[in-house]
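Residues per chain, in single letters:
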Amino acid sequence: MSIIKCCFEPLEMPEFLDSFVKKCTEGCCCGCCSALRPRYKRLVDNIFPANPEDGLVKSNMEKLTFYSLRSPEKLDRIGEYLYQRASKDIYRKRYKFVEIAMEAMDLLLMACHAQILNLFVESFLRMVQKLLEDTNPTLQIMATNSFVRFANIEEDTPSYHRRYDFFISKFSSMCYGNNDDMELRDSIRMAGIKGLQGVIRKTVSDDLVANIWEKQHMEKIVPSLLFNMQSGPSKSTDTEATPSTPPLLAEAVLRELVSRASFGHIKSVLKPLLTHLDHHKLWVPNKFAIDTFRIVMISIQPQYSYTVVETLMSHLDQNLTSSPKTRTSLAVVLSKIIAIAAGESVGPSALDIINNLLMHLKTSVSTQHEESTPEETQYQEALINALGEFANHHPDYQKIEIMLFIMNTVPDPSHKSKGDHLLQNILLKSLLKVGTQYRTVSFEKAFPVSFLQPLLKMARAGSIPIRIIVMQIFQQLLDRHQNQHLLNVISVSHYPTLTIENPSRSDILFTHKYGSNILQAIIESMSQENHLEVLKSSYNTIALVIVEMACGETAQEILLFILGVQQVAITEVELSPKHRCNLHSIAISLLILLGRCTGIGSLVEYVEKLIQARKEEASYLLPPLMDNDKSAPSTLNTNLPHLLVDKLAVAECLQQAGLESNRVQTGTPYALNQTDISAHRHSWVDTHSAIRNSVVDSSYNDIESVSSSPGVQKRSLASEYNFESMKRVLAEPTEATKREAREKQMQIGRTFRETAFEDLVRRTEPKHDVIQNKLNEIFNALSAERQISAACGVQAGSLLAANGGLMGPSMIEPGKHHVAASGQRPIYENNFPELFFY
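All figures in this text were calculated on a predicted structure; none of them were measured in a lab.

## Digging into the overall build of the chain
Moving on, step 1. Helix and strand content of the chain: 37 helices and zero strands.
Moving on, step 2. Long-range contacts, defined here as pairs at least 24 residues apart, represent 72% of the contacts in the chain between residues at least 6 apart.
Moving on, step 3. If you sum the accessible surface of the chain, you get close to 42,100 Å²; carbon and sulfur atoms cover 53% of it.

## Observations concerning the nonpolar core
Moving on, step 1. Membership of the largest hydrophobic core comes to 205 residues, with the highest contact counts inside it found for L82, F293, L428, F447, F474 and F561.
Moving on, step 2. Not counting the four nearest positions on each side in its chain, F474 is found in contact with F447, L452, L455, L456, I518 and T541.
Moving on, step 3. In terms of nonpolar packing, the next biggest core, distinct from the first, is built from eight residues, A618, Y620, M626 and L640 among them.

## Section: helix α9 (residues 165-174)
Moving on, step 1. Looking at α9, one finds that the buried residues are F167, I168, F171, S172 and M174. Buried residues in α9, looked at end-on, bunch into an arc of 155 degrees, giving them a common side.

## What about the environment of G55?
Moving on, step 1. If you trace the backbone, G55 turns up in the loop between α3 (39-46) and α4 (58-70).
Moving on, step 2. Assessed through its relative accessible area of 19%, G55 is described here as buried.
Moving on, step 3. C-alpha separation for the pair G55 and E99, spaced 44 residues apart in sequence, amounts to 8.7 Å.
Moving on, step 4. When neighbours within four sequence positions are excluded, G55 is seen to be in contact with P49 and I100.

## Things to note about the packing of aromatic side chains
The description of an aromatic ring pair rests on the distance of the ring centres and on the angle between the ring planes.
Moving on, step 1. Taken as a whole, this structure holds 17 aromatic pairs when the rule is applied.
Moving on, step 2. Between the aromatic rings of F147 and F171, the centroid separation amounts to 5.4 Å while the plane-to-plane angle is 55 degrees, which identifies the pairing as tilted. Within this pair, whereas F147 is found in helix α8 (residues 137-151), its partner F171 is found in helix α9, the two being separated by 24 residues in sequence. For the pair F147 and F171, a shared accessibility class is recorded, and that class is buried.
Moving on, step 3. An aromatic cluster is defined as three or more aromatic residues linked by ring pairs; in this entry it consists of F124, F147, F150, Y164, F166, F167 and F171.
Moving on, step 4. Seen from the ring of F150, K202 lies directly overhead, with NZ or CZ sitting 4.5 Å from the centre.
Moving on, step 5. The ring of Y379 is capped by R327, whose NZ or CZ atom sits 4.7 Å from the centre of that ring.

## Examining the side chain of S224
Moving on, step 1. Relative to the assigned elements, S224 resides in helix α11 (residues 215-229).
Moving on, step 2. A distance of 2.5 Å separates the side chain of S224 from the backbone oxygen of K220, its partner in a polar contact.
Moving on, step 3. Sequence-distant contacts of S224, defined by excluding residues within four places in its chain, comprise S172, C175, Y176 and L196.

## Quick look at the pattern of salt bridges
Moving on, step 1. With the rule as written, the count across this model stands at 21 salt bridges.
Moving on, step 2. Linking E251 and R255 is a salt bridge whose minimum nitrogen-to-oxygen distance equals 2.8 Å. You can see E251 and its partner R255 sitting in helix α12 (residues 246-259), four residues apart, about one turn around the helix.
Moving on, step 3. The partner of K287 in a salt bridge is D291, with the nearest N and O atoms 3.2 Å apart. Placement of both K287 and D291 in helix α14 (residues 287-299) is noted, with a separation of four residues, approximately one turn of the helix.
Moving on, step 4. You can call K287 exposed: its relative accessible area is 56%.
Moving on, step 5. If you follow the salt bridges from partner to partner, you end up with R201, E256 and R260 in one network.

## Details of unusual backbone geometry
Moving on, step 1. Backbone torsion omega between V284 and P285 reads -5 degrees, so that peptide bond is classified as cis.
Moving on, step 2. Residues other than glycine seldom take positive phi values, yet K93 does so here, at roughly 65 degrees.
Moving on, step 3. In this fold, K93 is placed in the loop between α5 (75-91) and α6 (95-111).
Moving on, step 4. Positioned with a positive phi, Q482 is a non-glycine residue whose angle comes to about 55 degrees.
Moving on, step 5. Structurally, the position occupied by Q482 is in the loop between α23 (464-478) and α24 (505-526).

## With respect to the packing of α3 against α5
Moving on, step 1. The interhelical angle for the contact between α3 and α5, taken along N-to-C directions, is 45 degrees, at an axis separation of 10 Å. Between α3 and α5, the interaxial angle falls into the category oblique. α3 and α5 meet at a crossing whose hand is right-handed. For the pair formed by α3 and α5, the contact residues are Y40, K41, V44 and D45 on the first element and R77, I78, Y81, L82 and R85 on the second.
Moving on, step 2. Of the residues that constitute the contact of α3 with α5, the class distribution is five nonpolar, no polar and four charged.

## Some points on the confidence of the model for the chain
Moving on, step 1. Here the chain shows a mean pLDDT of 78. Residues at 70 or above account for 74%.
Moving on, step 2. Low confidence marks residues 1-21, where pLDDT is under 50. Its contacts with residues over four positions away, or in another chain, come to 12 contacts.
Moving on, step 3. Note on residues 789-823: pLDDT is under 50 here. Beyond four places in sequence and across chains, it has 41 contacts.

## Observations concerning the packing of α9 against α11
Moving on, step 1. At a minimum axis distance of 9 Å, the contact between α9 and α11 shows a crossing angle of 25 degrees. Taken together, the axes of α9 and α11 are roughly parallel relative to one another. Seen along the crossing, α9 lies across α11 with a hand that is left-handed. Between α9 and α11, the contacting residues are D165, I168, S169 and S172 on the first element and H217, K220, I221 and S224 on the second.
Moving on, step 2. Taken together, the residues that form the contact of α9 with α11 break down as two nonpolar, four polar and two charged.

## Concerning the environment of A446
Moving on, step 1. Summarising the element assignment, A446 is placed in helix α21 (residues 443-446).
Moving on, step 2. Since its relative accessible area comes to 0%, A446 is described here as buried.
Moving on, step 3. With sequence-adjacent residues up to four places away left out, A446 is seen in contact with I400, Y438, T440, F451 and L477.

## Some remarks on the side chain of N540
Moving on, step 1. By the element assignment, N540 lies in helix α25 (residues 532-549).
Moving on, step 2. By relative accessible area, N540 is classed as buried at 1%.
Moving on, step 3. Polar side-chain contacts of N540 include one of 3.3 Å to the backbone oxygen of Q484.
Moving on, step 4. Beyond its immediate sequence surroundings of up to four residues, N540 is in contact with Q475, Q484, L487 and N488.

## Section: helix α13 (residues 266-279)
Moving on, step 1. Compared with the 20 Å implied by 1.5 Å per residue over 14 residues, the 21 Å span of α13 between its first and last C-alpha is a close match.
Moving on, step 2. Here α13 has its buried residues at I266, V269, L270, P272, L273, L274, H276 and L277.
Moving on, step 3. Looking at the buried positions of α13, the neighbouring elements they touch are α11, α12, α14 and α15 (305-318).
Moving on, step 4. Of the residues one or two after α13, K281 is the one with positive phi, at around 55 degrees.

Cut-offs used in this document
Residues numbered from 1 in each chain as written. Predicted model: local features only at pLDDT ≥ 70, side-chain atom pairs only at ≥ 80, totals over all residues. Heavy atoms only, no water. Helix = DSSP H or I, 4+ residues; strand = E, 2+ residues; numbered from the N terminus. Contact = heavy atoms within 4.5 Å. Areas by Shrake-Rupley, 256 points an atom, 1.4 Å probe, with all protein chains shown as cover. Core = buried A, V, L, I, M, F, W, Y, C linked by side-chain atoms within 4.5 Å. Buried < 20%, exposed > 50% of the residue type's maximum accessible area, 1.4 Å probe, protein only. Arc of directions from axis to C-beta. Phe/Tyr/Trp six-rings, centres within 6.5 Å; stacked < 30°, edge-to-face > 60°. Lys NZ or Arg CZ within 6 Å of the ring centre and 35° of its normal. Polar contact = N/O pair within 3.5 Å; in protein donor to acceptor, adjacent residues only side chain to side chain. Salt bridge = Lys/Arg side-chain N within 4 Å of Asp/Glu carboxyl O. Axes fitted to C-alpha atoms, helices over the stretch in contact; angles between N-to-C directions. Parallel < 35°, antiparallel > 145°, perpendicular 65-115°, else oblique. Left-handed = near helix turned anticlockwise from the far one by under 90°. Nonpolar A, V, L, I, M, F, W, Y, C, P; charged D, E, K, R; others polar. pLDDT = per-residue confidence, 0-100. Expected span 1.5 Å × (residues − 1).

Given below as structure tokens:
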């Protein structure tokens, strides 16, 4: 009874037993009541050694663990008791006992996986929070490690009331640790980052806990990670599986955070990221920003990647008043990451991004002053690169849609203001950037009418830079075999490494429909002024047309273009002499290129002779081109007929190669101020029908061609492989006969080329009078025939009427020559000159 009195005050009997148990549970000062304490407390007390340096008593810890597994309902009391002991030890600075209590908590947590674990977790989290609140770094690190182990445990039942606000704030503050000891500072920062990682893992997988994606939480987590990332290398240089430094660990946690973000939560991560870059001025230089956004783009779920681009572009909208360097850096970051998002952007999202980029370009052009600054130019180039990178990762059919979309935003070339010219230039550069990423397979798909028509209109613009860009766009879309760099040099020599492939049927049909429009736009562009870059780019474009499209069916239209270039050089009075010489040089270079690409040997031979003659008499009619700034020969005679390309001679070369030449002979070469080729030049598709309906004209053209082009023999235009055609082939004259005919043709040709005009007039006498006199002679002849005997008169009159009074003497029987009543010589006795017999 004395022992009881030493611990308690006299109490009434009903309350005595309860008070006694309570006092014993709390511990007796004299140690006399330990046997009366609950078993779980005795087991907890036994894990603590007498000397804290000895550490946790393992055997007693095993007893406590076994008891916890046998009686899980006691876990909450065990946890509460451990928390109370740890709190007292923290207050008394007995940190070794605190570490033992925390270790016991961890072991119990890892061993027990019952549904009632939630009750123990509350005590566990109170213990962790108590340690984190202490200023001892060792306790903070130990508590963080315990929390990480807890975060990796998958609980069976969800928690409705648990919150982690304190842990987010505390771990975030640990990420900014600035202890003078570098090793301790890195340890604290690592612990803070690991704690944030634990919070993320514990919360994002449980929809019933507090929403970690809320603004107040993300504004703490994201900047903490970025602060550590910018303090070291952004990429790991070792092969360790676990990051060993704060920057690398922060990067890994950021990847995990972004990868777990859903569509509605990704902007919660991006907004504090952009704010951090703004406040710390990390856009200029932008290496860290580029690396960070690449991490985000690689980690995010692919279907949400375009959201990052939209957010970044929206941030660019908010910084329109910032310095050009900041906007340029933002645009560069956009260009670096936009390619990753392009693969998942289809339909409206793709066009929306393109439209936003174009709007930024237009805004930049509209706000710049008379002369653009280098910083503003860099900003525009960064936007153009972003546009090109975005288009590069789309399929070809979408690239065409993007190019058409851009083309529709280009101001009309009729707008003459400086702002419109600048905007045209910038948008066409954007179009060129997209065109460089496109790989042409079919010209019909690469040049839809809705795209080709405005592009050709821009090719006639008065601005030299715009015309050059348009030519470059054509070159990128025409060059299917990477020949563009070879054809940059205007030359009459052979291109040894040129890759040539016969055009497909669809490409030939495309050339039939729209080739004349392309050629017409180019000849008008070439003829505006003597600018070397325009002429070189135009030559490059036409050379690519020849390499990609030239064949037997398309050669005639290209020849008409070449003849048109020469005709412009001869007839346009406003052209300077140097400009005329340059056009002649381009025409001869394109002509020999056409002959080599189509394999027309006679054409190549003819052009080579022409080139040799120009070298001897007028070298200024051959490449290289002459600039206006350079001196030129004192005399520039560009109208030397024997040094120019002969239309009929070229047609004869086609005939000798077995190709059609009707269009070259009868067609009109290209000229200036012609906007609609189809209005005055019949379509290539109708060529064959035109030939079939013009037999008489064809025969006349054959005679004219042969008489004016020596050494060229006419062949069938449309051979029919049947029995009659084979008979005609077998009945052809011998080589000797052909040789005699060629010699006679050459003699006749020389006669017409070299004989004076007066001699030709005399050789063709007697000359017919005007048509009225000729009709009078025919009527007189008919009246004379009526006076002859009936039989002879009928015979002669019928023959005369049948032949229109133009019969030769060989068709009248001997002795039947009659004289007209008027005494004039009958018309049928007029002899044709020998020159017209062939």
